[in-house]
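Structural overview
Here's the letter readout for the chains.
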Amino acid sequence: MAMGDVIDLQLRRARRVHAPIRQSSAYYFDVSCPMSYLASERVERALGQVDWIAVDASAVVDPGAAPECGLGAPSLDHARAQAELHARALRLPLVWPERFSEGGARARRAASFACELGAGAPFALAAGRLAYCGGFDLDDPETLAEAAAASGVPLTPCLEAAAEHWRDDELREIGRSLWAQGVRELPAVALGEHWFGGVTGLMAAGARLRDVCAARQPLAPVG
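Conventions we followed
Residues numbered from 1 in each chain as written. Predicted model: local features only at pLDDT ≥ 70, side-chain atom pairs only at ≥ 80, totals over all residues. Heavy atoms only, no water. Helix = DSSP H or I, 4+ residues; strand = E, 2+ residues; numbered from the N terminus. Buried < 20%, exposed > 50% of the residue type's maximum accessible area, 1.4 Å probe, protein only. Areas by Shrake-Rupley, 256 points an atom, 1.4 Å probe, with all protein chains shown as cover. Pairing = 2+ DSSP bridges. Axes fitted to C-alpha atoms, helices over the stretch in contact; angles between N-to-C directions. Contact = heavy atoms within 4.5 Å. Arc of directions from axis to C-beta. Polar contact = N/O pair within 3.5 Å; in protein donor to acceptor, adjacent residues only side chain to side chain. Parallel < 35°, antiparallel > 145°, perpendicular 65-115°, else oblique. Nonpolar A, V, L, I, M, F, W, Y, C, P; charged D, E, K, R; others polar. Phe/Tyr/Trp six-rings, centres within 6.5 Å; stacked < 30°, edge-to-face > 60°. Lys NZ or Arg CZ within 6 Å of the ring centre and 35° of its normal.

Moving on to the overall build of the chain. Of the regular secondary structure elements, the chain holds 10 helices and four strands. Mapped in sequence order, the helices and strands of the chain form the string α-β-α-α-β-α-α-α-α-α-α-β-β-α. Within the chain, buried positions represent 47% of all 223 residues. Accessible surface, the chain as shown: approximately 11,400 Å² in total, 54% of it carbon and sulfur.

Dropping the structure here:
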């Protein structure tokens, strides 16, 4: 690696350190989590344009609550049942892929890179559909390549990012920051200082946003 490459890497890290939580409207997701996928299909409709921020769900979710988001297996059947219940309510397909070959780590790193480019939303949607509509292994380079092509993310840098292990610490740190804000399940939505967790939390966030927008509308003239 050349000196220029080292400096560039240090600058990339410095731009993101110490600021994992954004106070404006933001959507936090784990690309390997089925709940994040289900909610991702409704984000634009519920919230409009917001920042998409990748996170590692294992640093957010109670270890006994959501094993499908990269955690252990004691409540696997319950987690799948809950995801299937939400999928039916949202009228979305849900196919269970085999366990991701690297636990979703490569996919999360690639999603983090896509978010840096402002392409987090299309990448997450493309990847989620490949995994939970097509049953593909998200960590497979071919699957990541398909998601990158569908979202306009440059292929080679995306695959390189998927192998950058230092991103794991950043993704977990964002998760720990969410935990500190009281978030206990993904996906999560931040509206200013207000936080919402889970698929139902997304709907609650959308309702609050509509109320806020309505309150800002000027009163109609009388007569």
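Here we have four strands laid out as an open sheet, ordered E2-E1-E3-E4, and mixed in their pairing. The open sheet has two edge strands, strand E2 (51-54) and strand E4 (194-197), and neither has a second partner. Between one strand and the next, the sheet's axes are offset by a mean angle of 20°, whatever the strand orientation. Against the sheet, helix H5 (residues 105-116) makes contact with strand E1 (26-29) and E2, and its axis sits at roughly 150° relative to E2, the strand it touches most.

Turning next to unusual backbone geometry. Pro-187 follows Leu-186 through a cis peptide bond whose omega is 0°. Even without being glycine, Arg-91 reaches a positive phi, approximately 60°. Here Arg-91 lies in the loop between helix H4 (76-90) and H5. Arg-91 gets classed as exposed once you look at its relative accessible area, which sits at 77%.

In this sheet, E4 lies alongside strand E3 (residues 188-191) in antiparallel orientation, the contact comprising four bridges. Bridging across to E4, Ala-188 finds its partner in Gly-197. What sits between E3 and E4 in their antiparallel hairpin is a turn of two residues, with Gly-192 showing a positive phi close to 65°.

Turning next to helix H7 (residues 141-151). Within H7, the full set of buried residues consists of Thr-143, Leu-144, Ala-147, Ala-148 and Ser-151. Buried positions in H7, seen along its axis, are confined to an arc of 135° and lie on one side of it. The exposed residues of H7 that point more than 90 degrees off its buried face are Glu-142, Glu-146, Ala-149 and Ala-150. The inward-facing, buried residues of H7 contact H5, helix H6 (120-132) and helix H8 (155-162). With a side-chain oxygen lying 2.8 Å from the backbone nitrogen of Glu-142, the N-terminal cap of H7 falls on Asp-140. With its phi angle positive at about 75°, Gly-152 sits one or two positions after the end of H7.

In the contact formed by H5 and helix H9 (residues 166-180), the axes pass within 9 Å of each other and the chain directions differ by 75°. One way to sum up the angle between H5 and H9 is to call them roughly perpendicular. Contacts between H5 and H9 involve Arg-108, Arg-109, Ser-112, Phe-113 and Glu-116 on the former and, on the latter, Arg-167, Asp-168, Glu-170 and Leu-171. Across the contact of H5 with H9, the residue classes break down as two nonpolar, one polar and six charged.

On to the packing of aromatic side chains. Counted under the stated rule, the structure contains seven aromatic pairs. Judged by centre distance (5.7 Å) and plane angle (40°), the ring pair of Tyr-28 and Trp-195 falls under tilted. With Tyr-28 in strand E1 and Trp-195 in strand E4, this residue pair connects regions lying 167 residues apart in the sequence. The buried category is assigned to Tyr-28, whose relative accessible area is 0%. Between the aromatic rings of Trp-96 and Tyr-132, the centroid separation amounts to 6.2 Å while the plane-to-plane angle is 90°, which identifies the pairing as edge-to-face. Here Trp-96, found in the loop between H4 and H5, pairs with Tyr-132, found in helix H6; they are 36 residues apart in sequence, far enough to count as distant. With a relative accessible area of 2%, Tyr-132 lands in the buried category. Through a chain of ring-to-ring contacts, three or more aromatic side chains come together here, namely Tyr-37, Trp-96, Phe-100 and Tyr-132. Directly above the ring of Trp-179 sits Arg-184, whose terminal nitrogen or CZ lies 3.4 Å from the centroid.

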